[in-house]
Amino acid sequence: MRIDVLTVLPGLFDCFLKEGVIGKAISSGKVEVKVHNIRDFTTDKHRVVDDVPYGGGPGMVLKPEPIFRAYDELTKEGEKPYVLLTEPWGEKFNQEMAVELSKKPRLMIICGRYEGVDERVKSLVDREVSIGDYVLTGGELPAMVIMDAVLRLIPGVLGNLESLRADSFSDRGLLGYPNYTRPAEFRGMKVPEVLLSGHHKKIESWRKEQSLRKTLERRPEIIENLKRKGLLTKEELE
Ligand SMILES: N#Cc1ccccc1Cn1ccc2ccc(-c3cc(N)[nH]n3)cc21
């Protein structure tokens, strides 16, 4: 997968693209992520990317020209990207969308700043995406959240963990099961016996039950959604 990111603050992505699972996936060539400074697509000597809003009002708006120039330049060759625009009021990002986006060969993520992008930029956009009902200062953090959730799903990125997650609950949006590690007792709190039993079938069924129970308690709408889509097995429904 290739991802092109358009931003006026490219430096925000430096650590994200160097560290951890994402950094390894990029350095090993499993995925390609290119961050482009929208300012590099301006043509004036002051490299202006924003302007005051027509009709008045606070703040500035990202101009359309530099973004369109970047899009035209970056789409001259190769497959056309599926274009995302991060927005406070876009479609809510979730695991289902992450799975869908992970199957695209190429993404482009446009990161707004100030009061947002000129409305005409949305003629380039396939999906306006929000990571939550709160307003951040710009679209870069949402872009990193989306990339993190999507890239970890690319085959080979999670390495040997991947096979263990073949039937991963998280891919269906279910909440995770409790995790424990040594010691077996800590300040009077014991690890559940089943996890010490070495009985893999019992452990798997305990984890499945914990995940379903936690999801039903905290996010019942996820269970309803999976039921409606027929994505829960008979025993999971019991
Ligand atoms: N738009 C806007 C806006 C409007 C008013 C005040 C401040 C902003 C900041 N902003 C500019 C670009 C931009 C992109 C994405 C988010 C964003 C996403 C989620 N889920 N929360 N916030 C915010 C963004």
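None of the values given here were measured: they were computed from a predicted structure. (Residues numbered from 1 in each chain as written. Predicted model: local features only at pLDDT ≥ 70, side-chain atom pairs only at ≥ 80, totals over all residues. Heavy atoms only, no water.)

**Q** Can you explain the overall build of the protein? Please cite residues and give values.
**A** Helix and strand counts for the protein stand at 10 helices and 9 strands. Seen through its principal axes, the protein has C-alpha atoms that stretch 70 × 40 × 40 Å. In the protein, buried positions account for 42% of the 238 residues. Taking as baseline every contact in the protein between residues at least 6 positions apart, the subset at least 24 positions apart corresponds to 75%. A total of about 14300 Å² of accessible surface is found on the protein, and carbon and sulfur atoms cover 53% of it. Computing the positive centroid from 38 side-chain charges and the negative centroid from 38, the protein places the two 5 Å apart. (Helix = DSSP H or I, 4+ residues; strand = E, 2+ residues; numbered from the N terminus. Buried < 20%, exposed > 50% of the residue type's maximum accessible area, 1.4 Å probe, protein only. Contact = heavy atoms within 4.5 Å. Areas by Shrake-Rupley, 256 points an atom, 1.4 Å probe, with all protein chains shown as cover. Lys, Arg positive; Asp, Glu negative; His and termini not counted. Charge placed at Lys NZ, Arg CZ, Asp CG, Glu CD.)

**Q** Residues and numbers for the site of the ligand, please.
**A** As a matter of local geometry, the ligand sits amid 19 residues, with Ser130, Ile131, Gly132, Tyr134 and Leu136 nearest to it. At 3.2 Å, a side-chain N or O of Ser130 approaches a nitrogen atom of the ligand. Alone, the ligand offers 500 Å² of accessible surface; in the complex the protein occludes 90% of this. Take the shell around the ligand: its biggest share by element is 4 residues, from strand E5 (residues 82-92). Here the residues of the shell around the ligand sort into 8 nonpolar, 8 polar and 3 charged. (Near = heavy atom within 4 Å. Polar contact = N/O pair within 3.5 Å; in protein donor to acceptor, adjacent residues only side chain to side chain. Nonpolar A, V, L, I, M, F, W, Y, C, P; charged D, E, K, R; others polar.)

**Q** Just give me the short version of the environment of Phe93, but keep the residues and values in it.
**A** Here Phe93 is to be found in the loop between E5 and helix H4 (95-102). By relative accessible area, Phe93 is classed as buried at 14%. Sequence spacing of Phe93 and Val145 is 52 residues, and the spatial spacing of their C-alpha atoms is 9.3 Å. Setting aside chain neighbours within four positions, we find Phe93 in contact with Ala98, Leu101, Val129, Ser130, Ile131, Val145, Ile146, Ala149 and Val150.

**Q** Lay out the pairing of E5 in plain terms, naming residues and giving numbers.
**A** Both E5 and strand E6 (residues 106-110) contribute to a ladder of 4 bridges, which runs parallel. Residue pairing across strands places Tyr82 opposite Leu107, the latter belonging to E6. (Pairing = 2+ DSSP bridges.)

**Q** So what about the pattern of salt bridges? Which residues, and what values?
**A** Evaluated as defined, the whole model comprises 22 salt bridges. Between Asp4 and Arg106 there is a salt bridge whose closest N-O contact spans 2.9 Å. Of this pair, Asp4 sits in strand E1 (residues 2-7) while Arg106 sits in strand E6, and the two are 102 residues apart along the sequence. Each of the two residues, Asp4 as well as Arg106, counts as buried. One salt bridge in this structure joins Glu238 and Lys234, with 3.9 Å as the shortest N-O distance. Each of the two residues, Glu238 as well as Lys234, counts as exposed. A single salt-bridge network, built from bridges that share partners, covers Glu87, Glu119, Lys122 and Glu128. (Salt bridge = Lys/Arg side-chain N within 4 Å of Asp/Glu carboxyl O.)

**Q** Now, about the domain arrangement of the protein: what can you tell me, with residues and values included?
**A** Domain parsing of the protein yields domain 1 (2-151) and domain 2 (161-237). Each of domain 1 and domain 2 has a C-alpha centre, and the two are 34 Å apart. (Domains from an automatic or database assignment.)

**Q** Provide a residue-level description of the packing of helix H8 (residues 200-218) against helix H9 (residues 220-228), including the pertinent values.
**A** Closest axis-to-axis distance for the H8/H9 pair is 5 Å, and the angle between their directions is 110 degrees. Viewed along their axes, H8 and H9 adopt a mutual orientation that is roughly perpendicular. Residues Leu212, Thr215, Leu216, Glu217 and Arg218 of H8 pack against Pro220, Ile222 and Ile223 of H9. Considering only residue class, the contact of H8 with H9 consists of 5 nonpolar, 1 polar and 2 charged. (Axes fitted to C-alpha atoms, helices over the stretch in contact; angles between N-to-C directions. Parallel < 35°, antiparallel > 145°, perpendicular 65-115°, else oblique.)

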